[in-house]
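Residue strings, one per chain:
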Amino acid sequence: MKLFELLSLSGALAELSWKDILSKRQSFREVFMDFDPVAITNKKITSPDSLLSEQKLRSILENANQVRKIIVEFGSFDKYIWNFVNQKPTQSQFRYQRQVPAKTSKAELISKDLVRRGFRSVSPTVIYSFMQTAGLMNDHLTSCFRHHQCISKDEA
């Protein structure tokens, strides 16, 4: 479950940098059974001490339970998340890094809904990072080659 993995890794940003998260990605996948919310549920997770704090580990486990409920309600976690952006990535037009916000009203809306559903470690800042990572938000600067690639991919 790619989106659940990205949500979990975005939540880990409170403790680790993206560089550290990506360097430990395989360990995360092993510990969290490839981020399969069904496999994670009801399993005792043991993690190397250096991976994440106990609080973050518990939040990923709890979020797996909540993802399972969303799958029952919406058919998939992907459908649930992409509904917030009408099934299409939001395209920004930022020219300078200082223009890119730490959170948006859409991230706040998603965060509130996730919290209402029992998710943990899903602040608006975490959710905005997740939106960028998952491709729900194209925040590449307009001068970046990836900005135009993402727009072309979305239009195709």
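None of these values were measured; they are calculated from a predicted model. (Residues numbered from 1 in each chain as written. Predicted model: local features only at pLDDT ≥ 70, side-chain atom pairs only at ≥ 80, totals over all residues. Heavy atoms only, no water.)

S.K.: So what about the overall build of the protein chain? Which residues, and what values?
M.R.: Within the protein chain, the regular secondary structure consists of nine helices and two strands. In sequence order, the secondary structure elements of the protein chain are arranged as α-α-α-α-α-α-β-α-α-β-α. The C-alpha atoms of the protein chain give 16 Å as radius of gyration, which agrees with the globular expectation for 156 residues (15 Å, within 12%). Taking all 156 residues of the protein chain together, the buried fraction comes to 42%. Within the protein chain, residue pairs in contact and separated by at least 24 positions form 64% of the contacts whose partners lie at least 6 positions apart. When the accessible surface of the protein chain is split by element, carbon and sulfur atoms take 51% of a total near 8,800 Å². Side chains of the protein chain carry 23 positive and 16 negative charges; the gap between the two charge centres is 3 Å. (Helix = DSSP H or I, 4+ residues; strand = E, 2+ residues; numbered from the N terminus. Rg over C-alpha atoms; globule rule 2.2 N^0.38 Å. Buried < 20%, exposed > 50% of the residue type's maximum accessible area, 1.4 Å probe, protein only. Contact = heavy atoms within 4.5 Å. Areas by Shrake-Rupley, 256 points an atom, 1.4 Å probe, with all protein chains shown as cover. Lys, Arg positive; Asp, Glu negative; His and termini not counted. Charge placed at Lys NZ, Arg CZ, Asp CG, Glu CD.)

S.K.: I'd love a proper account of the packing of helix α7 (residues 105-116) against helix α8 (residues 124-134), names of residues and values included.
M.R.: At their nearest, the axes of α7 and α8 sit 8 Å apart, and the two run at 110° to each other. In terms of orientation, α7 and α8 fall into the roughly perpendicular class. Crossing angle aside, the handedness with which α7 passes α8 is right-handed. Seen from α7, the contacting residues are Lys-106, Ala-107, Glu-108, Ile-110, Ser-111 and Leu-114; seen from α8, they are Pro-124, Ile-127, Tyr-128 and Met-131. The class makeup of the residues in the contact of α7 with α8 is seven nonpolar, one polar and two charged. (Axes fitted to C-alpha atoms, helices over the stretch in contact; angles between N-to-C directions. Parallel < 35°, antiparallel > 145°, perpendicular 65-115°, else oblique. Left-handed = near helix turned anticlockwise from the far one by under 90°. Nonpolar A, V, L, I, M, F, W, Y, C, P; charged D, E, K, R; others polar.)

S.K.: Could you give an account of unusual backbone geometry, naming the residues involved and the relevant values?
M.R.: Positive phi outside glycine occurs at Phe-35, with the angle close to 55°. Tracing the backbone through its elements, the reader meets Phe-35 in the loop between α3 (25-31) and α4 (37-40). Notably, Ser-121 is not glycine yet its phi reads approximately 60°, a positive angle. With respect to the element layout, Ser-121 can be found in the loop between α7 and α8.

S.K.: How would you explain the side chain of Ser-129 if you had to name every residue and give the values?
M.R.: Relative to the helices and strands, Ser-129 resides in helix α8. Classification of Ser-129 as buried rests on a relative accessible area of 12%.

S.K.: Mind laying out helix α5 (residues 54-74), listing which residues take part and the relevant values?
M.R.: The end-to-end C-alpha separation of α5 is 30 Å, in line with the 30 Å expected for 21 residues at 1.5 Å each. Turning to α5, the residues buried within the fold contact α1 (2-11), α4, α6 (77-83) and α7. Gly-75 sits one or two positions beyond α5 and adopts a positive phi of about 95°. (Expected span 1.5 Å × (residues − 1).)

S.K.: Just give me the short version of the packing of aromatic side chains, but keep the residues and values in it.
M.R.: Inspection of the entire model under this criterion finds six aromatic pairs. Ring geometry for Phe-4 against Phe-35: centres 6.0 Å apart, planes inclined by 75°, an arrangement best described as edge-to-face. Placement of the pair is Phe-4 in helix α1 and Phe-35 in the loop between α3 and α4, with a sequence separation of 31 residues. On the basis of relative accessibility, which here comes to 0%, the residue Phe-4 falls in the buried class. The interplanar angle of 20° and the centroid separation of 6.3 Å between the aromatic rings of Phe-77 and Phe-119 together place this pair among those described as stacked. Of this pair, Phe-77 sits in helix α6 while Phe-119 sits in the loop between α7 and α8, placing them 42 residues apart in sequence. (Phe/Tyr/Trp six-rings, centres within 6.5 Å; stacked < 30°, edge-to-face > 60°.)

S.K.: Give me the UniProt feature "binding site: Zn(2+)" (unreviewed entry) in the protein chain: which residues, what numbers.
M.R.: Using the residue numbers shown here, the UniProt feature "binding site: Zn(2+)" (unreviewed entry) corresponds to His-140 and Cys-144. Tracing the backbone shows His-140 in the loop between β2 (137-138) and α9 (145-155). By the element assignment, Cys-144 lies in the loop between β2 and α9. Its relative accessible area of 22% is what places Cys-144 among the partly exposed residues. (UniProt positions renumbered as here; feature names shortened; annotations may be inferred.)

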